[in-house]
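Listed below, chain by chain, are the residues.
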Amino acid sequence: MSTEEFGKKGWTPNRIKDVSGRTYVITGTTSGTGFEAAKILLSKGAKVVMLNRNPKKSEDTISTLKTALGSHIDVINIRMDLAEQASVKEAAAEVLNTIPRIDALLCNAAIAQVPQQKLTVDGFESQLGVNHYGNFLLQALLYPRIEESKGRIVVVGSMGYNMGIKTIQFDDMNWDKNYSPNSVYSQSKLAQIMCVYELQDRLKEAGKTDVKSYACHPGASRTSLIKTSGGLMTRFVWQLMKLSPFVQSAERGAYPQLMCATEPDLDQRGFYGPTGRGYWTGPVGACKLEPHAKDKVVAKKLWEVSEKAINFKWNF
């Protein structure tokens, strides 16, 4: 389907029909685009499984959603910290034990612009550890259930993929020699996006057609992403930008991932998000993806390096 069919206003959640009986697993739902995505799916009758690291914030989020939508909504939280591989494994095991179907996994949670190099408990640079390795492991662990459900994997990337060195720094994945908050964020988002298209190729090679994987970006949206992990100056500049017309609401920022999770017959090879100037805001549809994000040689090596890093092989 061509995204031009969505008209001048682009894709909006009005296109989501009743999704009763469907289950969506979403990471990072206590604020921002993840919260808005959960709210919209719940309002359409879906069951939502939230994966968040902070139990108190998650409880508050569920209360807020029930106040807004009614106590009948079907929403639960399972604790998961993407920065800890053990936590991801534990959460995935709980999902597999308690959730009989997954119509889409929305990998929404991320950290950004961490001012100084910081390592996760597993020894990964934090932005790569959370944004890429954490999500990569989660997808791999939940893949069998997604396949049983003929579901989707939706990865929320960022236009940040197009900054930085525009390839993967294989000789120093932790950026010990040249750490920079923006370059490493860019690297983590590029890695996430590359693995979406590499997954598509591997599924095709294995003759698997039941699972679809999509990459999207939220544009420039009013979320707490920079506030929670960025440095002082970055946070200050972003607070000013959030007041400008160049930044859209978190709700609109959730549209691309919702589109990828629910729109029938959506082309997997596309890269979806706001289509306005600089892809910051505007109607949601297909955006141009720069060629380096689909570099097959790099993507294949990245997949192998990633499987080795998480010590887990995808089982197709």
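Residues numbered from 1 in each chain as written. Predicted model: local features only at pLDDT ≥ 70, side-chain atom pairs only at ≥ 80, totals over all residues. Heavy atoms only, no water.

Some details on the packing of helix H1 (residues 32–43) against helix H2 (residues 55–69)
So, point 1. Running from amino to carboxyl end, H1 crosses H2 at an angle of 40°, the nearest separation of the two axes being 11 Å. One way to sum up the angle between H1 and H2 is to call them oblique. With respect to the hand of their crossing, H1 and H2 are arranged in right-handed fashion. Taken together, the residues of H2 that come into contact with H1 (itself represented by Phe 35, Lys 39, Leu 42 and Ser 43) are Thr 61, Thr 64, Leu 65, Ala 68 and Leu 69.
So, point 2. Of the residues that constitute the contact of H1 with H2, the class distribution is 5 nonpolar, 3 polar and 1 charged. (Axes fitted to C-alpha atoms, helices over the stretch in contact; angles between N-to-C directions. Helix = DSSP H or I, 4+ residues; strand = E, 2+ residues; numbered from the N terminus. Parallel < 35°, antiparallel > 145°, perpendicular 65-115°, else oblique. Left-handed = near helix turned anticlockwise from the far one by under 90°. Contact = heavy atoms within 4.5 Å. Nonpolar A, V, L, I, M, F, W, Y, C, P; charged D, E, K, R; others polar.)

With respect to the pairing of strand E5 (residues 152–156)
So, point 1. Burial analysis of E5 places 5 of its 5 residues in the buried class, which makes it a mostly covered element.
So, point 2. Side chains of E5 alternate between two faces, with Arg 152, Val 154 and Val 156 and Ile 153 and Val 155 buried alike.
So, point 3. Bridge count for strand E4 (residues 104–107) against E5 is 4 bridges, and the pairing is parallel. Bridged to Leu 106 within E5 is Val 154.
So, point 4. Taken together, E4, helix H4 (residues 126–148) and E5 constitute a β-α-β crossover, and its handedness is right-handed.
So, point 5. In this view, the connection linking E5 to its parallel neighbour strand E6 (residues 212–216) by way of helix H5 (residues 181–205) has right-handed handedness. (Buried < 20%, exposed > 50% of the residue type's maximum accessible area, 1.4 Å probe, protein only. Pairing = 2+ DSSP bridges. Right-handed = clockwise from strand over helix to strand, strands pointing away.)

Focus: the pattern of salt bridges
So, point 1. This model, assessed by the stated rule, comprises 13 salt bridges.
So, point 2. Residues Lys 288 and Glu 290 are paired through a salt bridge, measuring 3.6 Å at the closest nitrogen-oxygen approach.
So, point 3. Exposure remark for Lys 288: the relative accessible area of 51% places this residue in the exposed category.
So, point 4. Residue Glu 290 is classed as partly exposed on the basis of its relative accessible area of 24%. (Salt bridge = Lys/Arg side-chain N within 4 Å of Asp/Glu carboxyl O.)

Observations regarding helix H3 (residues 85–98)
So, point 1. Here H3 is 14 residues long and its end C-alpha atoms lie 20 Å apart, about the 20 Å a rise of 1.5 Å per residue gives.
So, point 2. For H3, the set of buried residues is Gln 85, Ser 87, Val 88, Ala 91, Ala 92 and Val 95. Buried residues of H3, viewed axially, fall in a sector of 155°; they line one side. For H3, the exposed residues set more than 90 degrees away from the buried face come down to Ala 86, Glu 90 and Asn 97.
So, point 3. Packing partners of the buried residues in H3 comprise strand E2 (47–52), strand E3 (74–79), H4 and helix H9 (296–310). (Expected span 1.5 Å × (residues − 1). Arc of directions from axis to C-beta.)

Overview of the pairing of strand E7 (residues 271–274)
So, point 1. Two strands pair when backbone bridges link them, and E6 and E7 are joined in this way by 2 bridges, in the parallel orientation. Within E7, the residue paired with Ala 215 across the bridge is Phe 271.
So, point 2. Across 4 bridges, the pairing between E7 and strand E8 (residues 284–287) is antiparallel. Counted as the bridge partner of Tyr 272 is Ala 286 from E8.

A closer look at the environment of Arg 277
So, point 1. Tracing the sequence through the fold places Arg 277 in the loop between E7 and E8.
So, point 2. Separated by 39 residues in the primary sequence, Arg 277 and Phe 316 have C-alpha atoms spaced 39 Å apart.

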